[in-house]
Structure formats: structure tokens, C-alpha cells
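Residues per chain are reported as follows:
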Amino acid sequence: MPQRWLRPPYRLSILACLAAAALAALHASHAAGPMQPAGTPSPLMLACAVLLGALALLLWRQRRLALRLQALEQLRAEAEQARLAGEQHKARAQERLRIGRDIHDDLGQHLLTLKIDLAMLQTSTHDAAPLLARQLDMMARNIDLSIAALRCVIHDLRPPALDAGLQAACDGLLADFKRTTGIDCSCDYRLDAAAGSAHGPLLYHVLQEALANIARHARATHVQLSLQQAGATLACRISDDGVGLSGSPPRLGCGLSGMHERVAAAGGSLHIESRSGAGTTLRLSLPLAACEEAPLLHD
């Protein structure tokens, strides 16, 4: 658009006006006669000066209007991109929920039935064949491991704690973290239920990973969680007063690297600020529902 801010019809109109004004000024100059006081500008020069000023004003206004239209188009494009990202994230969350239910209802029931049948077989053959009993015990342990692994998969798709809401799920994570590590925790929630449900699973997993890293490496005494809604953005901040991350930039483990990818896929951004001996702060920003279309700009 910057290269086409003054279209050819406008250019031709301006040139025609300049030519007509020059002819009119020449005609007025001849009609007035050749005698003019010394130092007085000719009518042709005055007319050209006025027309050049008018042309400059017109060009400036056209340029300003083009820039405003370009900014408006960019805002519309960003709003549409945010809306599409939100719809994609919602669709992925619904698909994860559906897959989790299917896994639980189908594969989970089959494993549970197999475990019950195996328990009955163990009871009937326990005294008759010791070698078979040991094999059945091993099979039972493998089934228990499979059920545990299945629960982990379902939990990752949709954490059951989120059924009570994001705030209750985060409170539960912090309470368990404080009970197991002895590290004091504080939290600040400033968001509505709709904002929390929009990115609940992602925020829950980010908090899980951050608390696990703090417990393993930070040697912290206090952790602070902040969840705030600012317009069309949900901001999350997790900070600790521990030893910080080593390296510049700090080295990230597989967990946080994976979180970067998941946050980026949701249209958000994840930043980690850390200094040796000064703690670590994780800042997460996620878009909510698309903003209403920006109003038209007027000159």
C-alpha cells in the first residue's frame, strides 16, 4: 500500500489543475499589462506557489490516510490471527478431552476386566502350581503398571483437578508442593472463570513443570504464583527466591523446552528471567478470545 498511496487518477487531476491554473495565471498576467512595481511577484508565481502549497497539503493528507489504512489492516489481521489461534486451541482441548474419555472407557475397562480375571485365576491356582502363581503375579504387576501408565496419559490430556476450576487446581498443586518440600507459597488470582478455562490444561502443566524444577534445583524458600487477566491477554508469573539458573542465557531442560513449544502453539509467549543467586521468574502470556474489531480511523 505505501507504493500506491496516490493513485493515477488523482495524479492526472492534480496535473490538470496545475496546467489550468498556470494558463489562467498567464492570461491574467497579459491582461494586466507588462508594467508591475519593482519587487512585486508576478501573478503566475503567486498562483504556482499557492498551487504547490495545495498540492503538498493534498499529498500529505493522502499519505497520512494511507498509513492509517495500513495500520487498520494490520490490526484487523492480528485480531483475525488471534481469533483463529483461539479456535484452534479450543478445538485441540476438546479433542484431547474426547480422546481421554475414549481411552478411559475403552482401554481402561479392558485392562480392569483383565485384572479381575487374572485375580480370579491367581486365587484358583495359588496352591496348585507355585511356578504358575509366580508368573501370574508378574502378569498382575505388568497390568498394574499399564493401568498406571494409562492414567498418566489421561491425566496429561485433561488433568482431573481442572474439573473444579483452574484456581482450585493451582491451589491443590501449591498445597501438595508445600507439604512435600516445606517451601512457602503465595498466590494472586485476578481472572474470571472463562479466562481460566480457556488455557486451563496448559497453565496447569506449566505450573507443574515449574514447581518440579523448583523442588529439584532452586533451593528456594518462597514461591509466588500470579494469574491475571488484562483485556484479551492472560498473564501468568511464577517466581522463586532460589539460586537461579546457571548459564547465560540460562540452560533449559526438556520440560521447559517442551513448554515453549506448547505455549507457542497456543499463540502465546514464555520468557524466563534468572540471575545466579537471585531466583528465577517465569512469565507466560496467552491470548484470550479475539478482541472486537478496531474502530475505523478518521482523519
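For clarity, every value in this text was computed on a predicted model and none was experimentally measured. (Residues numbered from 1 in each chain as written. Predicted model: local features only at pLDDT ≥ 70, side-chain atom pairs only at ≥ 80, totals over all residues. Heavy atoms only, no water.)

Draft legend 1. Highlighting the overall build of the protein chain. Per the secondary structure count, the protein chain includes 7 helices and 5 strands. Starting at the N terminus and ending at the C terminus, the protein chain contains elements arranged as α-α-α-α-β-α-α-β-β-α-β-β. Residue pairs in contact within the protein chain that sit at least 24 positions apart in sequence constitute 67% of those at least 6 positions apart. In the form shown here, the protein chain has an accessible surface area of approximately 19000 Å², with 61% of it arising from carbon and sulfur atoms. (Helix = DSSP H or I, 4+ residues; strand = E, 2+ residues; numbered from the N terminus. Contact = heavy atoms within 4.5 Å. Areas by Shrake-Rupley, 256 points an atom, 1.4 Å probe, with all protein chains shown as cover.)

Draft legend 2. Spatial organisation of the sheet that holds strand 4 (residues 269-274). With mixed pairing, 5 strands are arranged side by side in an open sheet as 1-2-3-5-4. Each edge of the open sheet carries a strand with a single partner, namely strand 1 (184-190) and strand 4. For this sheet the average axis-to-axis angle between neighbouring strands, irrespective of direction, equals 10°. The pairing of strand 2 (residues 222-230) with strand 3 (residues 233-240) spans 8 bridges and is antiparallel. When the bridges of strand 3 are listed, Gln 228 appears paired with Ala 235. Helix 4 (residues 166-181) contacts strand 1 and strand 2 of the sheet and is inclined by roughly 170° relative to strand 1. Here helix 6 (residues 200-218) sits on the sheet and contacts strand 2, strand 3 and strand 5 (280-287); the angle it forms with strand 3, its principal contact strand, is near 10°. (Pairing = 2+ DSSP bridges. Axes fitted to C-alpha atoms, helices over the stretch in contact; angles between N-to-C directions.)

Draft legend 3. Representation of the pairing of strand 2 within the structure. Here strand 1 pairs with strand 2 via 7 bridges, running parallel. Bridge assignment links Tyr 189 to a residue of strand 2, and that residue is Leu 227.

Draft legend 4. Local environment of the nonpolar core. With 36 residues, the main nonpolar core has Leu 203, Ile 214, Val 223, Leu 225, Leu 227, Ile 238 and Leu 284 as its most contacted residues. Broken down by secondary-structure element, the contributors of at least two residues to this core are helix 4, strand 1, helix 6, strand 2, strand 3, helix 7 (254-265), strand 4 and strand 5. Take this core: its biggest share by element is 9 residues, from helix 6. In this view, Ile 238 contacts Val 206, Leu 207, Ala 210, Ile 214, Val 223, Gln 224, Leu 225, Thr 280, Thr 281 and Leu 282; residues no more than four positions away in its chain are not counted. (Core = buried A, V, L, I, M, F, W, Y, C linked by side-chain atoms within 4.5 Å. Buried < 20%, exposed > 50% of the residue type's maximum accessible area, 1.4 Å probe, protein only.)

Draft legend 5. Local environment of the pairing of strand 4. Only one face of strand 4 is buried: it carries Leu 270, Ile 272 and Ser 274, and the other face, with Ser 269, His 271 and Glu 273, is open. With antiparallel pairing between neighbouring strands as the criterion, strand 4 and strand 5 make up a hairpin whose turn holds 5 residues, including Gly 277 at a positive phi of roughly 80°.

Draft legend 6. Layout of helix 4. Its 16 residues give helix 4 an end-to-end C-alpha distance of 22 Å, which sits within 8% of 22 Å, the value for a rise of 1.5 Å per residue. On its buried face, helix 4 sits against strand 1, helix 5 (193-198), helix 6 and strand 2. Positive backbone phi, at 80°, marks Gly 182, one or two positions downstream of helix 4. (Expected span 1.5 Å × (residues − 1).)

Draft legend 7. How the structure looks around helix 6. In this model helix 6 runs 25 Å from its N-terminal to its C-terminal C-alpha over 19 residues, within 8% of the 27 Å that 1.5 Å per residue would give. Of the residues one or two after helix 6, Arg 219 is the one with positive phi, at around 55°.

Draft legend 8. Structural view of a nonpolar patch on the surface. On the surface, a nonpolar cluster with roughly 300 Å² of combined accessible area is contributed by Leu 112, Ile 116 and Met 120. Here Leu 112 lies in helix 2 (residues 43-125). Of the residues examined, Leu 112 reaches a relative accessible area of 40% and is grouped as partly exposed. (Patch = residues over 30% accessible without salt bridge, like charges linked within 9 Å, V, L, I, M, F, W, Y side chains within 5 Å. Salt bridge = Lys/Arg side-chain N within 4 Å of Asp/Glu carboxyl O.)

Draft legend 9. Structural context of the side chain of Ser 239. Tracing the chain through its elements places Ser 239 in strand 3. Under the relative-accessibility criterion, Ser 239 is labelled buried at 10%. Sequence-distant contacts of Ser 239, that is, excluding residues within four places in its chain, are made with His 222, Val 223, Gln 224, Thr 280 and Thr 281.

Draft legend 10. A look at the packing of helix 4 against helix 6. Viewed as axis vectors pointing N to C, helix 4 and helix 6 meet at an angle of 10°, and their least axial separation amounts to 10 Å. If you check the angle between helix 4 and helix 6, you find them roughly parallel. For helix 4 against helix 6, the interelement crossing comes out right-handed. Within the contact between the two elements, helix 4 uses Leu 166, Ala 169, Cys 170, Leu 173, Leu 174, Phe 177 and Thr 181 and helix 6 uses Gly 200, Leu 203, Tyr 204, Leu 207, Gln 208, Leu 211, Ile 214 and Ala 215. Classifying every residue of the contact of helix 4 with helix 6 by side-chain character gives 12 nonpolar, 3 polar and no charged. (Parallel < 35°, antiparallel > 145°, perpendicular 65-115°, else oblique. Left-handed = near helix turned anticlockwise from the far one by under 90°. Nonpolar A, V, L, I, M, F, W, Y, C, P; charged D, E, K, R; others polar.)

Draft legend 11. Main features of the pattern of salt bridges. Within the structure shown, the criterion is met by 6 salt bridges. Here Glu 73 and Arg 76 are joined by a salt bridge, their closest N and O atoms 3.3 Å apart. Remark: Arg 76 and Glu 73 occur in helix 2; sequence separation between them is 3 residues, near one turn of the helix. On the accessibility criterion, Arg 76 (28% relative accessible area) is partly exposed. A salt bridge links Asp 144 to Lys 115; the nearest nitrogen and oxygen atoms lie 2.9 Å apart. In this pair, Asp 144 sits in helix 3 (residues 130-157) while Lys 115 sits in helix 2, placing the two residues 29 residues apart along the sequence. Take Lys 115: its relative accessible area is 35%, and that puts it in the partly exposed class.

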